[in-house]
Amino acid sequence: MDLTLATRDVDGKTIVAVGGEIDVYTAPKLRDKITELVAAGTYDLVVDMEAVEFLDSTGLGVLVGGLKKVRAHDGSLHLVCTQDRLLKIFRITGLAKVFMIHDSADAALAAS
């Protein structure tokens, strides 16, 4: 399974829609996209994970790294995730307390 990435700008924030599996093989693609956006001056990101089917520790590491990158510029990284199996990963790792997780892109945009 491959990783798909699509970005769109909404009210000065960038939504990164992620699809497929975020694992040791595909996570660098997501990391590169976040790095590219931050380098271009985009510091308020919403990562929409509604189409993500699998997430491993490498993927979590990329999300944490992305959060650190945007926070270094006083930015924000919000997640959109409603899938129980993914939310459980965030709860077990304690990252549910680190990330702002929303049930829709609209909610994430309103909060950021």
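Presented here is a report on the structure given in the accompanying data block. Given the structure is predicted, the values throughout are model-derived calculations rather than measurements.

Analysis parameters
Residues numbered from 1 in each chain as written. Predicted model: local features only at pLDDT ≥ 70, side-chain atom pairs only at ≥ 80, totals over all residues. Heavy atoms only, no water. Buried < 20%, exposed > 50% of the residue type's maximum accessible area, 1.4 Å probe, protein only. Helix = DSSP H or I, 4+ residues; strand = E, 2+ residues; numbered from the N terminus. Pairing = 2+ DSSP bridges. Salt bridge = Lys/Arg side-chain N within 4 Å of Asp/Glu carboxyl O.

### Focus on the pairing of strand β2 (residues 13-22)
Right, so step 1: For β2, a buried count of 8 out of 10 residues is recorded, marking the element as mostly surrounded by other parts of the structure.
Right, so step 2: With 8 bridges joining them, strand β1 (residues 3-10) and β2 adopt antiparallel strand pairing. Within β2, the position partnered with T7 by the bridge is V16.
Right, so step 3: Connecting β1 to the next strand, β2, in antiparallel fashion are 2 residues, including D11 with a positive phi near 50°.

### Re the pairing of strand β4 (residues 76-80)
Right, so step 1: The element β4 is extensively covered by neighbouring structure, given that 5 of its 5 residues are classed as buried.
Right, so step 2: On β4, burial covers both faces: S76, H78 and V80 on one face and L77 and L79 on the other are all buried.
Right, so step 3: Where strand β3 (residues 44-55) lies against β4, 5 bridges are found, and the strand directions are parallel. Residue pairing across strands places V47 opposite L79, the latter belonging to β4.

### Description of the pattern of salt bridges
A side chain of one charge can pair with a side chain of the opposite charge if their charged atoms are brought near each other.
Right, so step 1: Across all of its chains, the model carries 2 salt bridges by this definition.
Right, so step 2: Two residues, D32 and R31, come together in a salt bridge whose shortest N-O distance is 3.9 Å.
Right, so step 3: In this structure D32 comes out as partly exposed when scored by relative accessible area, which is 45%.
Right, so step 4: For the salt bridge of E36 with K33, the shortest nitrogen-to-oxygen distance reads 3.2 Å. Separated by 3 residues within a single helix, E36 and K33 lie in helix α1 (residues 27-39), roughly one turn from each other.

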